[in-house]
Amino acid sequence: MTEEKIIDEAVETWNSRIGNGTMIIPPPLDSLKPIYKILPRLFNRSPTASVVIVVDDFSNKETVNNYLTQQNNIYDAIFKRFISSGNIKILSIDWISDNINQYNPLLTIIYNPSGFTFAHLGLLDKSKFKLIILGKTINSKDKDSFCSMCPIVKEVTQDEVDSSRTNPPVEEYRIPISIDADSEDAKLLEYYNDNIRVSINIFGCLENLKKAMSGTSNNDSAMAYCDALARDNGWSEHLDMTTEYNQQIDKLYNPIAIQEKANVTYDMIRKRSKLVANYSYKINAITEIVGNNDNKKILIINKFADMANDVANNLNIANSKIICKAYHDKLESIPAVDIDGNPVFYKTGAKKGKRKVMGVTSQKKLYQTMFNKGDINVLSVTNSPDKELNIDVDIIIITSPLCEDIKSYLYRLSKINFNTPIILYTLYCKNTLEEKQLENKSMDSNHKLISVDTPNVKLDVNSNYIVVD
């Protein structure tokens, strides 16, 4: 079930209970969304209704106010008007405690309370409609107190949370990148394809190639497997080597040659994957996408670390400032800097006055902070992003279909708040294994492909391709 359906179900149940109930909506689900859906319905029926939203403190008050008025749609102005007129009041519980007699709302909303007080009880008791939203864990005594006045209408389970994270609405733009037929990359790709094709004819399939390298699941050694395959192809240690045909059989199909062929082919498959996944002209398209979304929080996922580095470097050059940082476990150590970019030195000890060094962990922590502060708006990660990454993301760019699919990232990156619908750009090299890989990827019903014009990339090629994962 998607997050939208979970919230809609909660709202409909609350309505059916005559506008009285408690919703328990844990993160990362949007616990403010029910308020956003309920208020327009209320004001459509009662344009002069009074609503009090009770929060713990000023920071929560600001959060709720910004949420209602900064969604970039027609409701922004409407909610601003209702807040300005006093029809909607967002008040702290301390203020309510001191001034409860001033309020007699039609609807009281208690949002994310840290505990239950007499002021909560008093305001709810004065209201015709009551909504309590619990987005965090509270003790059982307080939970019982809330629910005795406002029975639970929806408690989102962990299974529902997991399902909503891996099944949100996705709008995907697939961006084809051509490889110039006369380029060295195209020639190298054709060389890899030809050799891999020959090898697959020998081994039958990729799985057999792996057996020739590491043995079988039946504990047969790699060499034993290569010996059996050699004999299946007509090789024998007793071949008459006076004939040219048998010489060719021995050259191509002796067990040692077969195992060497497996190793060489596997290396070619790896190099071919790297060639298309890291294809340099993809950076043109990435730069264009980022440039068209300069106010968005963007996560770029690359198959390999060197591509992640190249993407970050080129984006910073194209923008003449630092907008992107590479974020992965293969970062090289650098001279230490603080959050403002100032150098950091040892202040005491034997190294006093010397520049500190930042390793991977410190760099990742710094770059996450910079992203969350808005100092940068792009992070360039690898195919296995750090599951501890904790950021908000508006747009995802996957630079190769050889990366995992979007659902696996949504499941793995449980601390990231992905705005929905998820805007996804997938780049792929035309007429390569990347295009075939993309064709074979399954999509859920709420995953939509959006037609786009090819980015302004000066390339064109039409070549045959062979696909070996």
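Please refer to the structure placed before this passage.
Residues numbered from 1 in each chain as written. Predicted model: local features only at pLDDT ≥ 70, side-chain atom pairs only at ≥ 80, totals over all residues. Heavy atoms only, no water.

Draft legend 1. Representation of the overall build of the chain. A tally of helices and strands in the chain yields 18 helices and 15 strands. Here the C-alpha radius of gyration of the chain, 30 Å, is well above what a compact globule of 469 residues would show, namely 23 Å. Taken along its principal axes, the extent of the C-alpha atoms in the chain is 110 × 60 × 50 Å. Relative to its 469 residues, the chain shows a buried fraction of 47%. Taking the contacts inside the chain whose residues are at least 6 apart along the sequence as the reference set, 73% of them involve residues at least 24 apart. Carbon and sulfur atoms provide 47% of the accessible area of the chain, an area that totals close to 24,200 Å². One finds the centroid of the 55 positive side-chain charges in the chain at a distance of 7 Å from the centroid of its 59 negative side-chain charges. (Helix = DSSP H or I, 4+ residues; strand = E, 2+ residues; numbered from the N terminus. Rg over C-alpha atoms; globule rule 2.2 N^0.38 Å. Buried < 20%, exposed > 50% of the residue type's maximum accessible area, 1.4 Å probe, protein only. Contact = heavy atoms within 4.5 Å. Areas by Shrake-Rupley, 256 points an atom, 1.4 Å probe, with all protein chains shown as cover. Lys, Arg positive; Asp, Glu negative; His and termini not counted. Charge placed at Lys NZ, Arg CZ, Asp CG, Glu CD.)

Draft legend 2. Spatial organisation of the state of the cysteines. With the rule as written, the count across this model stands at zero disulfides. Cysteine C226 is unpaired, with the sulfur of C205 as its nearest cysteine sulfur at 14 Å. Residue C324 stays outside any disulfide, its sulfur separated by 15 Å from that of C403, the closest cysteine. (Disulfide = S-S within 2.5 Å.)

Draft legend 3. Spotlight on the environment of T117. Structurally, T117 can be placed in the loop between β4 (107-111) and α6 (118-126). Linking T117 and K448, residues 331 residues apart in sequence, is a C-alpha distance of 47 Å.

Draft legend 4. Spatial organisation of the layout of surface pockets. If you add up the space inside the largest pocket, you get close to 1,600 Å³. In this structure, the largest pocket is lined by 43 residues; those nearest its centre are D30, Y67, Q71, N417 and N419. Only α1 (3-16), α2 (33-45), α3 (58-69), α8 (158-166), β13 (392-398) and β14 (417-429) provide two or more residues apiece to the lining of the largest pocket. When residues in the lining of the largest pocket are grouped by element, the largest group, seven residues, is from β14. (1 Å grid on protein atoms, 1.4 Å probe; cavity = no way out; pocket = protein on both sides within 12 Å on 5 of 7 lines; lining within 4 Å. Points joined across faces, edges and corners; volume = space filled by probe spheres on them.)

Draft legend 5. Region of interest: the packing of helix α10 (residues 206-214) against helix α13 (residues 255-277). Direction vectors running N to C along α10 and α13 enclose 120°, while the axes themselves pass 8 Å from each other. Taken together, α10 and α13 sit at an angle that is classed as oblique. You can see that α10 and α13 cross each other, and the crossing is left-handed. On α13, the residues touching L206, L209, A212 and M213 of α10 are Q259, A262, N263, T265, Y266 and I269. Class assignment of the residues belonging to the contact of α10 with α13 gives a composition of seven nonpolar, three polar and no charged. (Axes fitted to C-alpha atoms, helices over the stretch in contact; angles between N-to-C directions. Parallel < 35°, antiparallel > 145°, perpendicular 65-115°, else oblique. Left-handed = near helix turned anticlockwise from the far one by under 90°. Nonpolar A, V, L, I, M, F, W, Y, C, P; charged D, E, K, R; others polar.)

Draft legend 6. Focus on the pattern of salt bridges. As enumerated under the stated definition, the model contains 21 salt bridges in all. We note a salt bridge from K33 to E4, for which the minimum N-O separation is 3.5 Å. Of the two residues, K33 is situated in helix α2 and E4 in helix α1; the sequence distance between them amounts to 29 residues. Residue classification places K33 among the buried residues on the basis of a relative accessible area of 18%. Note that K415 is salt-bridged to E388, the shortest N-O span being 2.5 Å. (Salt bridge = Lys/Arg side-chain N within 4 Å of Asp/Glu carboxyl O.)

Draft legend 7. Up close: the pairing of strand β5 (residues 129-134). Most of β5 sits inside the fold, with six of its six residues counted as buried. Here strand β1 (residues 20-24) runs beside β5; their pairing, made up of five bridges, is parallel. Looking at β5, one finds that G21 is bridged to L131. Alignment of β4 against β5, held across five bridges, turns out to be parallel. Each residue of the ladder has a partner; that of L107, found in β5, is F129. (Pairing = 2+ DSSP bridges.)

Draft legend 8. Highlighting the packing of aromatic side chains. Summed over the entire model, instances satisfying the criterion amount to eight aromatic pairs. Arranged with centres 5.4 Å apart and planes meeting at 50°, the rings of Y36 and F79 form a pair that is tilted. With Y36 in helix α2 and F79 in helix α4 (residues 75-85), this residue pair connects regions lying 43 residues apart in the sequence. As far as burial versus exposure is concerned, Y36 and F79 are alike and both buried. Each ring, one from F43 and one from F82, has its centre 3.9 Å from the other, and the planes form 15°; the classification is stacked. Taken together, the residues span a long stretch of sequence, with F43 in helix α2 and F82 in helix α4 at a distance of 39 residues. Here the aromatic cluster, defined as three or more aromatic residues joined through ring pairs, consists of Y36, Y67, Y75 and F79. (Phe/Tyr/Trp six-rings, centres within 6.5 Å; stacked < 30°, edge-to-face > 60°.)

Draft legend 9. The arrangement of helix α12 (residues 244-253) in detail. Burial in α12 covers these residues: N246, I249 and Y253. Buried residues of α12 fall within an arc of 60° about the axis and therefore sit on the same side. Residues of α12 that are exposed and point over 90 degrees away from its buried face: E244 and K251. Those residues of α12 hidden inside the fold are in contact with α9 (184-203), α11 (222-232) and α13. (Arc of directions from axis to C-beta.)

Draft legend 10. Quick peek at the sheet that holds strand β2 (residues 51-55). Strands sit in the order β3-β2-β4-β5-β1-β6 across an open sheet of six strands; the sheet is parallel. Strands at the two margins of the open sheet, each flanked by one partner only, are β3 (88-92) and β6 (152-155). In this sheet, adjacent strand axes meet at a mean angle of 15° when their direction is disregarded. Bridging between β2 and β3 involves five bridges; their strand directions are parallel. Its bridge partner lying in β3, V52 is registered against K89.

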